[in-house]
Amino acid sequence: MKSINLLKTIGILILTSSCAENHFGIKRDIGSEPEKYFLNTDATIKRIKELKVTSLNDSQCFADPETKIYYSNVLQSATGNFRELKSQINVTQLENTASTEYYFCRVTCLLSNRYAAFWTTLTDSPIRHNDDNAFICQGITMEMVNIPGTSLTTMGPVVHNFSVFEMNEVLPRLKEVNYKISPSAKAELDSIAFNNFAIISKAYITSSMPAMIEAGIILDQFAYQKTGYKAVLDKYVLMLKNNNGQLKADYSKDYFVMMNLIQNGRHFLYEKM
């Protein structure tokens, strides 16, 4: 059985009231309702060091592999268990099928110099249970890692940072805590998005599909911040907002532009939520 599947799959997560500790020792400061996501800073930094995670910048997150729990384990647990998870995710609306199995991971994010924890919903195929690269949390890769105190190695999880905006499920919770993207984080996110738009626009413009060529010209305008790009960008962000972030696969110019905004520029959408 893969290593990561052994981590906490039968653990019971019980969070009590003020200043509770979760199952891997990170204390939570619980006050008013909007504070429910926030963690004790010192304990979180300690956990970051234990996992050898690169220090987070604003709006960056990591997933703790030991928090992964399968939906079936949640269903089989006592009613009072997994209260934090159930307060964030309506597990009663989920159902495993022959082709899809649900599991959950807890991610920690740095938001305006405070650490916050969010439970996330993921899926994989039941037939992949013996695959080391299946049923893993966001930003986790399975690699050969050293066994502490020995010269031996084993297959284990390696934790990598990722952007909070990669998780659509979490965006409403960011609004709930009134998170504002810092100027430095926005500048970095913009740079990444524009660089991706530059690469994609070149491919689109050289295609033989008229709608894709038109989309490529618009993405090129975004990529190099050409005159009027902000108004055009805002127009497409508003279209996405009005469609609740959903796209109709009509393969039009607008479809290709908005698809790239969803894939590479979700922070633009968050700013307009």
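Residues numbered from 1 in each chain as written. Predicted model: local features only at pLDDT ≥ 70, side-chain atom pairs only at ≥ 80, totals over all residues. Heavy atoms only, no water.

Details of the pairing of strand β6 (residues 114-124)
On a regular strand, each side chain points to the face opposite its neighbour's, so the side chains alternate between the two faces of the sheet.
For step 1, the next point in the chain: Extensive coverage of β6 is indicated by the burial of eight of its 11 residues.
For step 2, the next point in the chain: As paired strands, strand β5 (residues 101-111) and β6 are joined by 11 bridges and run antiparallel to one another. The partner of Cys-109 across the bridge, within β6, is Ala-116.
For step 3, the next point in the chain: Taking the residues that link successive antiparallel strands as the turn, the β5-β6 hairpin has two residues, and the phi of Ser-112 there is positive, at about 50 degrees. (Buried < 20%, exposed > 50% of the residue type's maximum accessible area, 1.4 Å probe, protein only. Helix = DSSP H or I, 4+ residues; strand = E, 2+ residues; numbered from the N terminus. Pairing = 2+ DSSP bridges.)

Notes on unusual backbone geometry
For step 1, the next point in the chain: Unusually for a residue other than glycine, Asn-113 sits at a positive phi of about 70 degrees.
For step 2, the next point in the chain: On the accessibility criterion, Asn-113 (69% relative accessible area) is exposed.
For step 3, the next point in the chain: Its identity as a non-glycine residue notwithstanding, Phe-135 has a phi of 50 degrees, on the positive side.
For step 4, the next point in the chain: Tracing the backbone shows Phe-135 in the loop between β6 and β7 (140-146).
For step 5, the next point in the chain: Overall, Phe-135 belongs to the buried group, its relative accessible area being 0%.

Re the packing of helix α5 (residues 183-205) against helix α6 (residues 210-223)
For step 1, the next point in the chain: Running from amino to carboxyl end, α5 crosses α6 at an angle of 150 degrees, the nearest separation of the two axes being 8 Å. With respect to α6, the axis of α5 lies roughly antiparallel. Remark: the crossing between α5 and α6 carries left-handed chirality. Mapping the contact onto sequence places Phe-194, Phe-197, Ala-198, Ile-200, Ser-201, Tyr-204 and Ile-205 in α5 and Met-212, Ile-213, Ala-215, Gly-216, Ile-217, Leu-219, Asp-220, Phe-222 and Ala-223 in α6. (Axes fitted to C-alpha atoms, helices over the stretch in contact; angles between N-to-C directions. Parallel < 35°, antiparallel > 145°, perpendicular 65-115°, else oblique. Left-handed = near helix turned anticlockwise from the far one by under 90°. Contact = heavy atoms within 4.5 Å.)

What to know about the packing of aromatic side chains
Pairs of aromatic rings are described using the distance from one ring centre to the other and the angle between the two planes.
For step 1, the next point in the chain: Inspection of the entire model under this criterion finds 16 aromatic pairs.
For step 2, the next point in the chain: With a centroid separation of 5.3 Å and an interplanar angle of 70 degrees, the aromatic rings of Tyr-255 and Phe-256 are classed as edge-to-face.
For step 3, the next point in the chain: For Tyr-255, a relative accessible area of 13% gives the class buried.
For step 4, the next point in the chain: An aromatic cluster is present here, built from Phe-194, Phe-197, Phe-222, Tyr-229 and Phe-268 joined pairwise through their rings.
For step 5, the next point in the chain: Residue placement shows Arg-114 over the ring face of Phe-38; its charged tip is 4.0 Å from the ring centre.
For step 6, the next point in the chain: The ring of Tyr-270 carries Lys-175 above its face, with NZ or CZ at 4.3 Å from the centroid. (Phe/Tyr/Trp six-rings, centres within 6.5 Å; stacked < 30°, edge-to-face > 60°. Lys NZ or Arg CZ within 6 Å of the ring centre and 35° of its normal.)

Describing the state of the cysteines
For step 1, the next point in the chain: The final tally for this structure, using the stated rule, is two disulfides.
For step 2, the next point in the chain: Here Cys-61 pairs with Cys-109 through a disulfide, and the sulfurs are 2.1 Å apart. On the S-S bond that ties Cys-61 to Cys-109, the torsion sits near 105 degrees, and the link is right-handed. Highlighted residues: Cys-61 in strand β3 (residues 60-63) and Cys-109 in strand β5, separated in sequence by 48 residues. The pair Cys-61 / Cys-109 is uniform in exposure class, with both members buried.
For step 3, the next point in the chain: The partner cysteine of Cys-105 in its disulfide is Cys-137, sulfur to sulfur 2.0 Å. Here the disulfide of Cys-105 and Cys-137 is left-handed, its torsion about the S-S bond being about -80 degrees. (Disulfide = S-S within 2.5 Å.)

Quick look at the pattern of salt bridges
Two side chains of opposite charge can pair, provided their charged atoms sit close to one another.
For step 1, the next point in the chain: Taken as a whole, this structure holds 12 salt bridges when the rule is applied.
For step 2, the next point in the chain: Measuring nitrogen to oxygen at the nearest pair gives 2.7 Å for the salt bridge that ties Arg-128 to Asp-124.
For step 3, the next point in the chain: Owing to a relative accessible area of 29%, Arg-128 belongs among the partly exposed residues under this scheme. (Salt bridge = Lys/Arg side-chain N within 4 Å of Asp/Glu carboxyl O.)

That is the geometry; function is a separate question.
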